[in-house]
Amino acid sequence: MNWALPAVAVLVGVWALIRSSDHFVQGASGIATWYKLSPLVIGIVIVGFGTSAPEMVVSASSALKGNPALALGNAYGSNIANIGLILGITALIIPIQVHSSLLRKELPLLTLVTLVSFAILYNLQLSRLDGVILLIVFALVMTLTIWMSLKNPNDEMLKTLSEELPVGAVSLKKALLQLVAGLVLLILSSKAVVWGAVELATLAGISELVIGLTVVAVGTSLPELASTLAAVRKGEHDMAIGNVVGSNLFNTLAVVGIASCISPFALDKEVLTRDFPVMGLLTLSLFLIGWGRRGRGGRINRFEGGVLLTCFVAYTLWLLRSIF
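Note that the coordinates shown come from a computational prediction; the quantities given were computed from them, not determined experimentally. (Residues numbered from 1 in each chain as written. Predicted model: local features only at pLDDT ≥ 70, side-chain atom pairs only at ≥ 80, totals over all residues. Heavy atoms only, no water.)

1. A closer look at the pattern of salt bridges
- Following the criterion strictly, the structure yields one salt bridge and no others.
- With a closest N to O distance of 2.7 Å, aspartate 275 and arginine 274 form a salt bridge. In this pair, the class of aspartate 275 matches that of arginine 274, namely buried. (Salt bridge = Lys/Arg side-chain N within 4 Å of Asp/Glu carboxyl O. Buried < 20%, exposed > 50% of the residue type's maximum accessible area, 1.4 Å probe, protein only.)

Laid out in structure tokens, this is it:
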């Protein structure tokens, strides 16, 4: 088999993932609005899930097909791309200011979750019990986030979030159709991405982990890039970082948790010696930059954005060097 068909499968699959996740979110938001759910819950849970839907379905599909390393690479690679590539590029265009007190609470939470994940991965095994633990922590994090949000209804990021939600009633039938169509397309496109990625890894003679960390991770991070750039252009800086923080929480806990529950697996040692340290350092950097002095809010300036982007490029070159 030549390279063309798998490459096309990945590219078309990623494009379909992005489009289908949009339809899925619109349908889910419409149903939630129809049943009078809180805009806060819609924004945090449904929209947050939607931006990580590509990673979730690709990782679940990978695990079901017996390729869990691809799932892990997709999750951690997306986290690295979200901070290094997406926030790096965004801050180079427009420096990002953090005002939201809620977001400043989520930044240390993301750092803590990353440390918990490292402790779980330390034995180089991901069991079903580990997956259950990650999903329980994810449920606790979501509950805590909603609770903090209810206590801070006037938070800058929450105001922006409520303004971004669709206004006006959507018919329940249309919302259901969007939800079902989005879900079906998500599943089909994820299968195309996984098949193409596995074939490319086989043809190139490289590990599925590396393919997941590079091609698949960057591809499934495109929704975050689009939403982050759009938020910054509108002056919604807290939303820009909130997109990344929310996505990384979903990836670290839900995406990896679902994959390991489906198919427990042993990790390559490179995950702990190469990939996780990069993800951890970028997460810590985001926390320090975003928290600011005395917890008053930080700012990612163009220099810091350049550093984040440089770290991503250096890491990617490091991966490519391991291939060739």
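Having put the structure on the table, let's press on.
2. Here we look at helix H9 (residues 222-233)
- Between its first and last C-alpha, H9 extends 17 Å over 12 residues, near the 16 Å set by a 1.5 Å rise per residue.
- For H9, the full list of buried residues reads Pro223, Glu224, Leu225, Thr228, Ala231 and Val232.
- Positive phi shows up at glycine 235, right after H9, with a value of about 85°. (Helix = DSSP H or I, 4+ residues; strand = E, 2+ residues; numbered from the N terminus. Expected span 1.5 Å × (residues − 1).)

3. So, the packing of helix H8 (residues 208-220) against helix H11 (residues 270-291)
- Relative to each other, H8 and H11 sit at 5°, their axes nearing to 13 Å. In this view, H8 runs roughly parallel relative to H11, as classed from their interaxial angle. Counted together, Leu209, Val210 and Leu213 of H8 and Val271, Arg274 and Asp275 of H11 form the full contact between these two elements.
- For the contact of H8 with H11, the residue count by class is four nonpolar, no polar and two charged. (Axes fitted to C-alpha atoms, helices over the stretch in contact; angles between N-to-C directions. Parallel < 35°, antiparallel > 145°, perpendicular 65-115°, else oblique. Contact = heavy atoms within 4.5 Å. Nonpolar A, V, L, I, M, F, W, Y, C, P; charged D, E, K, R; others polar.)

4. Here's the deal with the packing of aromatic side chains
- Applying the stated criterion across every chain yields a total of four aromatic pairs.
- Judged by centre distance (5.5 Å) and plane angle (90°), the rings of tyrosine 76 and phenylalanine 276 are edge-to-face. With tyrosine 76 in helix H3 (residues 68-93) and phenylalanine 276 in helix H11, this residue pair connects regions lying 200 residues apart in the sequence. The burial state of tyrosine 76 is the same as that of phenylalanine 276; both residues are buried. (Phe/Tyr/Trp six-rings, centres within 6.5 Å; stacked < 30°, edge-to-face > 60°.)

5. Regarding unusual backbone geometry
- For leucine 124, which is not glycine, the phi dihedral falls at a positive 60°.
- Residue placement: leucine 124 occurs in the loop between helix H4 (101-121) and strand S2 (125-126).

6. Notes on a nonpolar patch on the surface
- Taken together, Leu129, Val132, Ile133, Ile136 and Leu140 make up a surface patch of nonpolar side chains, about 460 Å² in accessible area.
- Assignment of secondary structure puts valine 132 in helix H5 (residues 128-151). (Patch = residues over 30% accessible without salt bridge, like charges linked within 9 Å, V, L, I, M, F, W, Y side chains within 5 Å. Areas by Shrake-Rupley, 256 points an atom, 1.4 Å probe, with all protein chains shown as cover.)

7. Description of the side chain of serine 59
- As for its position among the elements, serine 59 is in helix H2 (residues 39-64).
- Within the structure, the side chain of serine 59 is placed 2.9 Å from the backbone oxygen of glutamate 55, a separation counted as a polar contact. (Polar contact = N/O pair within 3.5 Å; in protein donor to acceptor, adjacent residues only side chain to side chain.)

8. Regarding helix H7 (residues 172-204)
- Helix length check: H7 (33 residues) gives 47 Å between terminal C-alpha atoms against 48 Å at 1.5 Å per residue, within 8%.
- A positive phi of about 70° marks glycine 205, the residue just after H7.

9. Quick look at the environment of glutamate 224
- Here glutamate 224 shows up in helix H9.
- Considered as a pair, glutamate 224 and serine 52 are 172 residues apart in the sequence and their alpha carbons are 8.4 Å apart.

10. So, the nonpolar core
- With 58 residues, the main nonpolar core has Tyr76, Ile241 and Ile300 as its most contacted residues.
- With 11 residues, helix H10 (residues 237-262) is the largest single contributor of residues to this core.
- If sequence neighbours within four positions are ignored, isoleucine 300 has contacts with Leu87, Ala91, Pro95, Ile96, Ile241, Leu286, Ile289, Gly305 and Leu308.
- Ile18, Ala53, Leu70 and Val216 belong to the second largest nonpolar core, which has 20 residues in total. (Core = buried A, V, L, I, M, F, W, Y, C linked by side-chain atoms within 4.5 Å.)

11. Focus on the packing of H8 against H9
- Interaxial distance between H8 and H9 falls to 4 Å at its minimum, and their mutual angle equals 40°. Of the possible angle classes, the one that applies to H8 and H9 is oblique. Touching Val218, Gly219 and Thr220 of H8 are Leu222, Pro223 and Glu224, all from H9.
- In terms of residue class, the contact of H8 with H9 is built from three nonpolar, two polar and one charged.

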